[in-house]
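Breakdown of the fold
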Amino acid sequence: MSVGELAGLLVAVFWAVLVTLLAVVLVRLSKVLREATVLVAAVTEQAVPLLTDAGTAVRSANEQLERVDEITANVQDAAANANALSSTVAATLGGPLVKLAAFSYGVRKAVARQQSGLTLPQQAGEREELARLIRAEVRAATAPRRGGLVGRLRRAVKG
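In short, a report on the structure.

Calculation criteria
- Residues numbered from 1 in each chain as written.
- Predicted model: local features only at pLDDT ≥ 70, side-chain atom pairs only at ≥ 80, totals over all residues.
- Heavy atoms only, no water.
- Helix = DSSP H or I, 4+ residues; strand = E, 2+ residues; numbered from the N terminus.
- Buried < 20%, exposed > 50% of the residue type's maximum accessible area, 1.4 Å probe, protein only.
- Areas by Shrake-Rupley, 256 points an atom, 1.4 Å probe, with all protein chains shown as cover.
- Patch = residues over 30% accessible without salt bridge, like charges linked within 9 Å, V, L, I, M, F, W, Y side chains within 5 Å.
- Salt bridge = Lys/Arg side-chain N within 4 Å of Asp/Glu carboxyl O.
- Lys, Arg positive; Asp, Glu negative; His and termini not counted.
- Charge placed at Lys NZ, Arg CZ, Asp CG, Glu CD.
- Expected span 1.5 Å × (residues − 1).
- Bend = angle between axes of the 7 residues up to and from the residue.

**A few points about the overall build of the protein chain**
Within the protein chain, the regular secondary structure consists of three helices and zero strands. Expressed as a percentage of its 159 residues, the buried residues of the protein chain come to 2%. Accessible surface, the protein chain as shown: approximately 13,500 Å² in total, 67% of it carbon and sulfur.

Have a look at this one:
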């Protein structure tokens, strides 16, 4: 065997080993590709129903949001109606009730003075002073109160 033949034999063995290694790699690669194909098929098989369910859930959520929008609009209308009703009641009943309260206050004061033996002032200055005090009491009784029911309703509606 000459050196050329030995070199040819080595190259042939080298190529045989290389081809064998490449064949093993290709066999393993084909197995991986088959498993990947099966995996993709399984994911596709499960993903399609999931996407369908997600679409259904989104449509249902949109329907619920539309209902909530309708409810919100109705609540806003009810709040506006309650505000209008409270201002109407305050305007209609507020004035007469304040006048009634002021009148009853004056009657109570007069009865209390009469029972305690006090007399009404006879001097013009004393009568003017008494009239000034009564007007001040009426103004205080008719002044709008911030803590009242109407005020709280207005603040709640204004938000």
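**Some remarks on a nonpolar patch on the surface**
On the surface, Met1, Leu6, Leu9, Leu10, Val13, Val17 and Leu21 cluster together into a nonpolar patch covering about 710 Å² of accessible area. Here Leu6 lies in helix α1 (residues 3-116). Since its relative accessible area comes to 45%, Leu6 is described here as partly exposed.

**Regarding a negative patch on the surface**
A cluster of acidic residues, Glu63, Glu66, Asp69 and Glu70, forms a negative patch on the protein surface. For Glu63, the location among the structural elements is in helix α1.

**Quick look at α1**
Over its 114 residues, α1 extends only 149 Å from the first C-alpha to the last, a length that falls short of the 170 Å expected when each residue adds 1.5 Å. The largest bend in α1 comes to about 40 degrees, at Gly94, with the proline Pro96 one to four residues further on.

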